[in-house]
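Architecture and fold: a report
Listed here are the chains, written in short residue letters.
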Amino acid sequence: MSQKHTVISPANIAFVKYWGARDLERAIPVQPSISMTLRNAVSHTTVEASDASGPDEVLVAAEDGTLAPAPPAFQERILPHLERLRQRAGSTAALKVATRNSFPSAAGIASSASGFSALTLATAGALGLHLEPREASVLARLSGSGSASRSVMGGYVEWPVASHGEESDEAAAAQIADAGHWQLADVIVLVETGPKDVSSLGGHRRATTSPHFARRQELLPGRLEAVRDAIRRRDLDALGPVVEEEAVELHLITMSSKPPIFYWQPATLAVMEAVRRLREEGLSAWYTMDAGANVHVICEETAAAAVASELRGVPGVRGILPDGVGAGPRVSDEDLF
Ligand code: PMV
């Protein structure tokens, strides 16, 4: 007997970033974060659970659909998560996984968020485990990818820290507004398509070595409230400056960590400059970056085409991925094998 389940899960872009963990293995954050779940940047994952004995198998699908064994570093992160989910389901089934991303992996487009969200939901489905969103969020996070806890839901999502004494498994993300509440776009500007030198896990590990880390914690309560309030009121001119401040501060911390990490490329700065120019011309568009060189430009959906066509011409830009707020993961009948 075997059971196959396929899930397509989106990435997300954080407005208030998760950076630094109290427990990195279980991704217990130092502070809350808030993100917008995307629509087009997705991981597509099929999991088959079967009674046949044997080791789990993890495959990566190429664009033409051919499957190849996942690289060892990738398998090392996935296999313990499969074991965790199998135990949670009280199952002994062998699992076969195939996955592919609609966007370049490990380049600051939250591939770990969409990947572990899709993997968690597809594996749970194959094992016959029904997960409420809260439990799905916690399980996705236990993969070690904190931002995956926010990708299991659509719209605008806050991932809080657990209240005192509930440190372990209580910090589940929750939706603060659905995708229909506010049609925001994310014009993703690619300046780099290869994997980055230092993973976000490496960055989290070093975050507290920056002299700016402690100061950031003092500033965050005000910023979180400003972002919640701007989302509630759909006020982009209130949201934008906070989103930019957050992005710059994330990179200020990476660049001042010991040893430092430089994620930006010259073209990252050129795009930031171009976005500031767009604002002078009257377009409300605001940049943010995750742990990578690519730039996410947040604007109203109605302004997205104009923003994309302006930014496409900036020297060093290799492409644009138009994206925007989305409704979250969905089950698919397009199995990868
Ligand atoms: O979930 P991780 O461990 O890949 O960390 C995500 C870190 C950022 O993308 C930079 C910020 C965030 O909150 O998504």
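Use the structure listed above.
Rules used throughout
Residues numbered from 1 in each chain as written. Predicted model: local features only at pLDDT ≥ 70, side-chain atom pairs only at ≥ 80, totals over all residues. Heavy atoms only, no water. Helix = DSSP H or I, 4+ residues; strand = E, 2+ residues; numbered from the N terminus. Rg over C-alpha atoms; globule rule 2.2 N^0.38 Å. Buried < 20%, exposed > 50% of the residue type's maximum accessible area, 1.4 Å probe, protein only. Pairing = 2+ DSSP bridges. Axes fitted to C-alpha atoms, helices over the stretch in contact; angles between N-to-C directions. 1 Å grid on protein atoms, 1.4 Å probe; cavity = no way out; pocket = protein on both sides within 12 Å on 5 of 7 lines; lining within 4 Å. Points joined across faces, edges and corners; volume = space filled by probe spheres on them. Near = heavy atom within 4 Å. Polar contact = N/O pair within 3.5 Å; in protein donor to acceptor, adjacent residues only side chain to side chain. Areas by Shrake-Rupley, 256 points an atom, 1.4 Å probe, with all protein chains shown as cover. Nonpolar A, V, L, I, M, F, W, Y, C, P; charged D, E, K, R; others polar. Salt bridge = Lys/Arg side-chain N within 4 Å of Asp/Glu carboxyl O. Parallel < 35°, antiparallel > 145°, perpendicular 65-115°, else oblique. Left-handed = near helix turned anticlockwise from the far one by under 90°. Contact = heavy atoms within 4.5 Å.

A look at the overall build of the protein
Check the secondary structure of the protein and you find nine helices and 14 strands. Relative to the compact-globule value of 20 Å for 337 residues, the protein shows a C-alpha radius of gyration of 19 Å, a close match. Over its C-alpha atoms, taken along the principal directions, the protein stretches across nearly 60 × 50 × 40 Å. For the protein, the proportion of its 337 residues judged to be buried stands at 57%.

Some points on the sheet that holds strand S11 (residues 285-288)
A sheet is described by the order of its strands in space; here four strands give the open sequence S11-S12-S10-S13, paired in antiparallel fashion. Lying at the two open borders of the sheet, with one neighbouring strand each, are S11 and strand S13 (319-324). Shown here is a sheet whose adjacent strand axes are inclined to one another by a mean of 25°, direction ignored. By the bridge criterion, four bridges tie S11 to strand S12 (residues 295-300) in an arrangement that is antiparallel. The partner of alanine 285 across the bridge, within S12, is cysteine 299.

A closer look at the layout of surface pockets
Considering only enclosed or pocket space, the second largest pocket measures out at about 310 Å³ in volume. Forming the boundary of the second largest pocket are 14 residues, of which Glu25, Arg77, Ser143, Gly144 and Leu201 lie nearest the centre. Counting residues per element, the ones that place at least two in the lining of the second largest pocket are helix H1 (72-89) and helix H5 (200-207). Broken down by element, the residue count for the lining of the second largest pocket peaks at six residues, all from H1.

Considering the site of the ligand
Residues in contact with the ligand amount to 14 residues; listed here are only the nearest, Tyr18, Ser147, Arg150, Ser200 and His204. The contact in question runs from an oxygen atom of the ligand to an N or O atom on the backbone of tyrosine 18, over 2.8 Å. The contact in question runs from an oxygen atom of the ligand to an N or O atom on the backbone of glycine 146, over 3.2 Å. Burial of the ligand by the protein chains amounts to 96% of its free accessible area of 380 Å². Broken down by class, the residue content of the shell around the ligand amounts to five nonpolar, six polar and three charged.

Looking at the environment of proline 72
Position of proline 72 relative to the elements: it lies in helix H1. Among the residues examined, proline 72 registers a relative accessible area of 61% and is labelled exposed. A sequence separation of 45 residues divides proline 72 from alanine 27, and the C-alpha atoms of the two residues are 22 Å apart.

Observations regarding the pattern of salt bridges
Evaluated as defined, the whole model comprises 20 salt bridges. For the salt bridge of arginine 26 with aspartate 23, the shortest nitrogen-to-oxygen distance reads 2.9 Å. For arginine 86, the salt bridge identified is with glutamate 83, shortest N-O distance 2.7 Å. With arginine 86 and glutamate 83 both in helix H1, this residue pair falls three residues apart, about one helical turn. Ionic contacts of the salt-bridge type, sharing partners, join the residues Glu158, Glu225, Arg228, Asp229, Arg232, Arg233 and Asp235 into one network.

Topic: the packing of helix H8 (residues 266-280) against helix H9 (residues 304-311)
Two elements in contact, H8 and H9, have axes separated by 10 Å at closest approach and are oriented at 130°. In terms of axis orientation, H8 runs oblique to H9. Between H8 and H9 lies a crossing whose hand is right-handed. Along the contact surface, H8 presents Val271, Ala274, Val275 and Leu278, while H9 presents Val307, Glu310 and Leu311. A per-class count over the contact of H8 with H9 returns six nonpolar, no polar and one charged.

A look at unusual backbone geometry
The step from lysine 258 to proline 259 runs through a cis peptide bond, and the omega angle for that step is -5°. Within the element layout of this structure, proline 259 appears in the loop between helix H7 (236-255) and H8. In this structure, alanine 27 is a non-glycine residue whose phi angle is positive, near 55°. For arginine 234, which is not glycine, the phi torsion reads 55° and is therefore positive.

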